[in-house]
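Survey of secondary and tertiary structure
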Amino acid sequence: MTRFLIEIPHEASKTSCMRELDAYLQAGAHYLTNAEWGCLANDHRAWLTVDVSNEIEARMLVPPVARHKAAVRRYDLNANPSTQTIASFKKSLGPGQEAGAGILPTL
Ligand SMILES: [Zn+2]
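Attention here is on the structure that accompanies the text. (Residues numbered from 1 in each chain as written. Predicted model: local features only at pLDDT ≥ 70, side-chain atom pairs only at ≥ 80, totals over all residues.)

1. Regarding the overall build of the protein chain
Operational definition: Strands are runs of DSSP state E lasting at least two residues, helices are runs of H or I lasting at least four, and both sets are numbered from the N terminus onward. Any residue whose C-beta has 12 or fewer other C-beta atoms within 10 Å is treated as exposed, any with 20 or more as buried, and any in between as partly exposed, C-beta atoms being built from the backbone. Contact between residues is assigned whenever the C-beta positions, reconstructed from backbone atoms, fall within 7 Å.
Helix and strand counts for the protein chain stand at four helices and four strands. When the helices and strands of the protein chain are placed in sequence order, the string is β-α-α-β-β-α-β-α. A total of 107 residues make up the protein chain; the buried ones form 10% of that total. Long-range contacts, defined as pairs at least 24 residues apart, comprise 60% of the intrachain contacts of the protein chain with a sequence gap of at least 6.

2. Examining helix H1 (residues 14-27)
The line we're drawing: Expected helix span is computed as 1.5 Å times (number of residues minus one).
Given a rise of 1.5 Å per residue, 14 residues ought to cover 20 Å, and the 20 Å separating the end C-alpha atoms of H1 matches this to within 8%. Looking one or two residues beyond H1, the residue adopting positive phi is Gly28, at roughly 140°.

3. Here's the deal with the sheet that holds strand E3 (residues 45-52)
Put simply, the rule is: Strands are treated as partners if at least two bridges between them are detected by DSSP.
Across the sheet, four strands lie side by side as E2-E3-E1-E4; this open sheet has antiparallel pairing. One side of each edge strand has no neighbouring strand; the edge strands of this open sheet are strand E2 (36-37) and strand E4 (71-74). Note: E2 against E3, two bridges, orientation antiparallel. Bridge assignment links Glu36 to a residue of E3, and that residue is Trp47.

4. Observations concerning the pairing of strand E1 (residues 2-9)
The pairing of E1 with E3 spans eight bridges and is classified as antiparallel. Looking at the pairing, Ile8 lines up with Ala46 of E3. When E1 meets E4, the two strands line up antiparallel, connected through four bridges. Its bridge partner being in E4, Glu7 is matched across the sheet by Ala71.

The following block contains the structure:
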């Protein structure tokens, strides 16, 4: 299983927020209970993290009405990475990917 971060934007209006929430509710309560919403901070996006086999499978979990605008990204680190996790991740990047190359923050 691979972890993916799904980001789904919507227009910045109360009508759009309500329409988006209704779409997620119709798709299943799972989306409402597992999605993070930025609307109250005037950041009109929803985020989901899912553990699936590939990007296509991750995209298929997005409610159909929002699927075309979803950004699906592989998510390689845990939300609270340990030093060991970061070291393993850096090693998996291979040579030439030193810290500060713009991928990882410098510790
Ligand atoms: Zn919103």
